[in-house]
Structure formats: C-alpha cells, structure tokens
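# Structural characterization, general
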Amino acid sequence: MTRKSRFLAAPYLVWLAIFTIIPLALIVVFAFTTTVTVDETGRIITAEELLSAEADGVVLGELTEKTVFTLDNITATSAYMPVMVRSIWLALIATVLCLVIGYPTAYLISRLTFSRQKMMLMLVMLPMWMNFLLRTYAWMTLLERNGWINKLLGLIGLGPFEMINTQGAVVLGMVYNYLPFMILPLYSIMTKIDNSVLEAAGDLGCNPIKTFSRVVWPLSLPGVATGITMVFVPAISTFIISRMLGGGTNMLIGDLIDLQFLGNAYNPNLGAAISLVLMAVILLCMSITNALDNEDMEGGALL
Amino acid sequence: MNKSRNKIIELKSISKSFDGETVLNNVSLDIHDNEFMTLLGPSGCGKTTTLRCIGGFVIPDSGDVLFNGKSIKALPPYKRPVNTVFQRYALFPHLNVYENVAFGLRVSGTPDKEIASRVGKMLDIVELEGFEKRDVNSLSGGQQQRVAIARALVNNPHVLLLDEPLGALDLKLRKEMQIELKKIQRRMSITFVYVTHDQEEALTMSDTVVVMNRGEIQQIGTPQDIYNEPKNAFVANFIGESNILPGIMHEDHLVEFAGNNFECLEGGFAPLEPVDIVIRPEDIKLTPPGIEVLNGEVQTVTFKGVHYEMIIKVYSDIWLVHSTKAATPGEIIGLSITPEDIHVMKKSEMPKITRYTVDSEAALTKGGNSVD
C-alpha cells in the first residue's frame, strides 16, 4: 500500500471509528459495568438500604453515583435463555422458508430473457419501496380476528382463525420482509451460471435432477451462504415484527434489548450485555454457515 | 466415397424456425461411421442449429433425426449416444481438470477404478497429464479446449459433435489443434461432426464438407469436389476466392460474359439462359496486352507470399487474379482463360452475392481467407 492510498483510506477509517468501533467499545463497556450509589466513605449503598433509610427518615449523608466493573449483567442474560432460543428458532424457520421460496424463484428468474429478468426483479423489490412499518402494519389488518383474511374465510364458512399474535405470524412477517434479501444474492450468482454449462451437464448424461444436484446447486452455494446471512441476521434481531405481529407474548431478543434501552425496564447495562451475547450467537451461526459453504466448495475455487 | 459405409445419423428433411424466422429449411443429411464431416457456412446459416438438432438441444419443427435407423428426435440430450464439445468449452468451474473429465463417467455410475484409468488415458491423449488437480479457470484457452475434448471423448460416444471448437484460439494453436483433432478422430475411429465458418479448416480436416447458407444445404462433397466443382456461385464464393460474373449461355459450350463469347465445357442450359460464371483467381494467366480478348488495367498489386494478388479492371468489371509474376499498377495486361477453368452455374436464387470491387479490396486483404 502506498502512502497516497493510505491517505485515501483515511475518511473510511474515521467513519469506521466513529460509527463502528466506538459504539462497539461503548457496548462492551456498558455490558461489563454497572452504576452504584456510594456515600462519602465510598461504601456501596444497596437499594434495600436506600429504601429502608428513606422509610425510617434516616439521612445517609451525601450520596454519589459511581460506575464499577461487574459480570452481573452477563450472568443475568442467562435468565433470558428462553427468549434467545425462541429468537434463534423463529429466525431459523424464517431463513429456511426464505431459502425454500427464494431459491426456485431466483433460479426461474435467472433463466428468463434479459428484459423479463429486469421486470421480475423489480416486482421482487417493489414491496421494499414501501415503508417497513407500513408493510408490517398492513399484515396486522390482514391477520386480525376481524381482518380481511378471516372475513374472506368467513364467506366460505371457515374460521375465524387466531392468526395475529402467534409465532406463525412473526415468521410470516420475517419471511415477507426479508425474502428479497434471499432472492437477490441467489439471483446474482445464478445469472453467472452459463446456460452452456447446463447443456454440457445434460450432454454428459445428467437428467434435470442430476444437473441440479451436480452443477446448479454447487455453483450457487456462495449465493446461498450470502442469502442465509442476509435473512438470518436481521430476523434474529428484529423487534418491530415480533411486537406488531407477535403481540408481546412472543418476545424476541430484539424486543428485550429495545426494552432495556427505550422501554420501561430501563437498564442499558443489561441491554448492552444481551446485545453482546446476541452478537456472539450471530457470529457463531455465521461461522457454521461459512464452514459448510467452504466444505462443499472443496476441490474447486469459485469465480 | 462414403456410400458403402454404414449410416450412423440421418437427418430427414428437418426444418426449424425461431420466432417466425426460418433457421433450417428442409435439411437432409446422412452421416456415416468414422466420417469426419464438417458443416461449413457463414454465421446464421443454420450449421450450429443442425448440430444442436443432433445433440438434442433443439427439437426440429418437422422432419426426423435417426440414429442407427431409429428416431431419436424426442430423446432429451442426456439419453442420446452423442457428446458435444461446446463453442466456449462450457467447463464446470467448480470442478478441477480431473473431475471435469470424469463428470460423465461419475453420472453413469462407473466404478472409481475404471474412472481413474479412463480419465488418465484420456488426459494422456490430449497431453494434459499432470494437470489433474488444476483449477480449470487457471488454464489457457488451448488447455481448456483439450479438457473439453477429453471430457466428451472419455464417454466413448459414437458421434462427437464439435461446435466451432477452435474459434477462440490463436492461429498457430488452431493449426496445431486441427492436426491434433484429426489424429484423435483417426485413432479412436469416432464419427466427428464439426461446425466451422472457416473454410480452410473445413478443407484441411474433413472427409465430407457440407456447405450451408440460409438454412439450406448448398453442396455436400469431398473437400476436392467442393473446391474444384462448386455447385453454385455461393459455394464458389465461400470456398476460396472467386470471380463471379453474370453471363448468358448461347448454346452448349458457348457462353457470353464480360462482353465476349467464350468456349466452355458445360452444356444443357436453355438457349439464352442467364447464368453465373465462376473463375478462380489462380486459373487466370497474365499475357502481354492485345493477344487475348480480355485486357485490363492493373489497379493494385499485393504480395501474398506464394503469389501476388492483383485487382484488374476489365471494362467496368473488377477481376481478382493470383499470379506468381508481378505486374505494376497502371499497366495494361491481357487475361487468358482456358475453357476448363470457366465454371458455368445456374443463376443462383440469392438476391446478392458479394462481388469484388476496388472498395472491398481492403476487406479482402484483411480477411485473409486465401486458400493458397
């Protein structure tokens, strides 16, 4: 790297420092600290002491607040294990559904004529032009007990079904919102698969199923890995979808974090600790995905 | 020369059109055992479509494709006993050289041991031993080409289809691969159906050349037949270089063109029938002016190595002449043609055939499609 190009990278480094490194460092600091009340001698006054002193009318002297190192926040997250497991589980289901729906869709689009491809891609992206909240809110009115779907089903004598405020509704919201993030990377890798390569597979004895398993699937794996990442990460940390479609009974890890920072459970230290654990979980999941991807690619690098 | 041999593939008057545009019009063709057949023609003539009909990638609208007398028209490519070498190789980018070649054998469930020996042998034949573990994307064009050929041949196909396989290679490599392919075909006794637009390639390698234009077969014959006895003006023009002139047949063995009557060998035309006259540039002898009926002014002289290429203006016509003796531009010179070098052809139905003019001289020199 020359001196000049290093200089050119400076704005990016500043950006990275301000918006990534410093916030991350702050989260780590918050996660491992807590605020305590101390008197003039430096003795920690617990909440109980404070309450009883107040009740008894005793004056404890001049009290100050102090930030101290603690592991309590991290250990406290274990209490939220069920929420974490539920988040992973729902995000996983949503990711698998996105893959199952997105893969054939992306493949079919990639085999269309160029102008049709453009049109289909636009249709895939069209919902994204609308505000995320609005889109999710629309599902609320559709899924409600007196919503459109139940009304329509009622016309043919079915229902009404309890659809809103279920885990199914949360997964539906995730699939609906994140499907384009699965289709687009898959599509972009699939358009690079030359038609003549597929013809060559047929020529060498592959029926359509074998052509898929021996050529299309291995060639599309990098797109699969990208798509999984792009759906799984936002799905596991979402809080809007679960709040609007899950009705509070299906709290996800995102809701929990939101609650610690902006909600009535205000405790940024715990919130930071949960965020940190979530980050670790995501990194673990991604490394598993990448390991699978690399294993399958053994014996040939990809373009 | 192949009449006595067993027909392996027969195309029975196949036609095909894409989006209303006719690409193949009533094409019939017999391909024999161990034959090296070349489909030759300009781009868009239907040669690749013909090949793809045999490979199974195109289903003809009408007509039939027979393999050893049985129709294979409805069979998908993976059920046909033929293999293809694709125009741009179409190697599998996620597999190494060995796995690319082994692909067909793996699909058919051949035991690993047999795969190893057959792939090894095939890599030997295409001179790629030691490349087994290489990534196909790291190979040169020539090497990729060899992998593509090995990948097709390792399956012991009855017929190998090759779609302009040497098109992307440089001239020297192309010449080497032409000889190589011919050697492989002889050694393995396989029928090759080879598509090219390069007439020199066709003449060098083939047992039989099929000249195509506008979805129709123009002529089928040995390279010698095609070159020496072109059936029509298109073939004459496409194979080698030719002077093509409009003429009128007065009676048997007497034809008028370029303002004069000439003796010729052909007969059997209607009286005063308009015809095309084809004269090869190397068949024209230069003489001092005034001896022959045809005299012209030398326009340009280009040295071509073996001969000089001259453009000579005779009245308003432009003639292309190859001669070992050079003339000087501006010189008036006589042109001598013997009756056996005048080829008279039925007026071709094609609306327009490229004629040599002074303007096209640059293109001519650049094109370099000289047979000599």
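Residues numbered from 1 in each chain as written. Chains lettered and ligands numbered in written order. Predicted model: local features only at pLDDT ≥ 70, side-chain atom pairs only at ≥ 80, totals over all residues. Heavy atoms only, no water.

### Overview of the overall build of chain B
Counting its regular elements, chain B contains nine helices and 20 strands. Along the first, second and third principal axes, the C-alpha set of chain B runs to 80 × 40 × 40 Å. Residue pairs in contact within chain B that sit at least 24 positions apart in sequence constitute 66% of those at least 6 positions apart. A total of about 16500 Å² of accessible surface is found on chain B, and carbon and sulfur atoms cover 51% of it. (Helix = DSSP H or I, 4+ residues; strand = E, 2+ residues; numbered from the N terminus. Contact = heavy atoms within 4.5 Å. Areas by Shrake-Rupley, 256 points an atom, 1.4 Å probe, with all protein chains shown as cover.)

### A few points about helix α4 (residues 141–153) of chain B
Every α-helix carries 3.6 residues per turn, so stepping three or four residues along brings you back to the same face. An ideal rise of 1.5 Å per residue puts 18 Å on 13 residues; α4(B) measures up with 18 Å between its terminal C-alpha atoms. Counting buried positions along α4(B) gives eleven out of 13 residues, so the element sits mostly inside the fold. Among all positions of α4(B), only B:G142, B:Q144, B:Q145, B:R146, B:V147, B:A148, B:I149, B:A150, B:R151, B:A152 and B:L153 are buried. On the buried face of α4(B), the contacting elements are α10 (195–203) of chain A together with β6 (82–85), α2 (97–107), α3 (112–125), β7 (159–163) and α5 (171–188) of chain B. (Expected span 1.5 Å × (residues − 1). Buried < 20%, exposed > 50% of the residue type's maximum accessible area, 1.4 Å probe, protein only.)

### Observations regarding unusual backbone geometry
Residue and element names in this part refer to chain B. Even without being a glycine, E127 presents a positive backbone phi close to 55 degrees. Relative accessible area serves as the criterion here: at 47%, E127 is assigned to the partly exposed category. Here the phi dihedral of A258 falls at roughly 50 degrees; this positive angle occurs in a residue that is not glycine. Here A258 lies in the loop between β12 (254–257) and β13 (260–263).

### Remarks on the nonpolar core
Grouped together as the largest cluster of nonpolar side chains are 65 residues, with contacts concentrated most on A:M174, A:V215, B:F92 and B:F103. Excluding anything up to four places from it in sequence, A:V215 contacts A:V197, A:L198, A:A201, A:K210, B:F92, B:H94 and B:F103. Core analysis: the second largest hydrophobic core is formed by 37 residues, B:L128, B:M177, B:I184 and B:M205 among them. (Core = buried A, V, L, I, M, F, W, Y, C linked by side-chain atoms within 4.5 Å.)

### Looking at the domain arrangement of chain A
All names here are of chain A. Domain boundaries in chain A define domain 1 (3–74) and domain 2 (80–292). The centre of domain 1, based on its C-alpha atoms, is set 36 Å off from the matching centre of domain 2. Between domain 1 and domain 2, the contact holds ten residues from the first and eight residues from the second. Taken together, the two surfaces of domain 1 and domain 2 that pack against each other cover about 750 Å², and 76% of this comes from carbon and sulfur. (Domains from an automatic or database assignment. Buried area = accessible area lost by both parts, 1.4 Å probe.)

### Thoughts on empty space enclosed by the protein
Leftover empty space is mapped by rolling, across the atoms, a probe with the size of a water molecule. Residues and elements named next belong to chain B. Scanning the model with the defined rule gives three cavities of 30 Å³ or more in all. Every residue along the wall of the second largest cavity is listed here: T48, L51, R52, G55, F57, T84, F86, L161 and D163. Those elements giving two or more residues to the lining of the second largest cavity turn out to be α1 (47–55) and β7. Tallying contributions element by element places α1 first for the lining of the second largest cavity, with four residues. Taken together, the residues of the lining of the second largest cavity break down into four nonpolar, three polar and two charged. (1 Å grid on protein atoms, 1.4 Å probe; cavity = no way out; pocket = protein on both sides within 12 Å on 5 of 7 lines; lining within 4 Å. Points joined across faces, edges and corners; volume = space filled by probe spheres on them. Nonpolar A, V, L, I, M, F, W, Y, C, P; charged D, E, K, R; others polar.)

### Focus: the interface of chain A and chain B
Contacts between the two partners involve 23 residues from chain A and, on the opposite side, 23 residues from chain B. By the criterion of area lost to chain B, the three top residues of chain A are A:E199, A:D203 and A:L204, representing 35% of everything that side buries. Here chain A is connected to chain B by one salt bridge. For the salt bridge of A:E199 with B:R52, the shortest nitrogen-to-oxygen distance reads 2.5 Å. Where chain A packs against chain B, one counts six residue pairs in polar contact (both at pLDDT 80 or more). Within the residue set of the side of chain A that touches chain B, elements represented by two or more residues are α10 and α11 (208–237) of chain A. A per-class count over the side of chain A that touches chain B returns 13 nonpolar, six polar and four charged. (Salt bridge = Lys/Arg side-chain N within 4 Å of Asp/Glu carboxyl O. Polar contact = N/O pair within 3.5 Å; in protein donor to acceptor, adjacent residues only side chain to side chain.)

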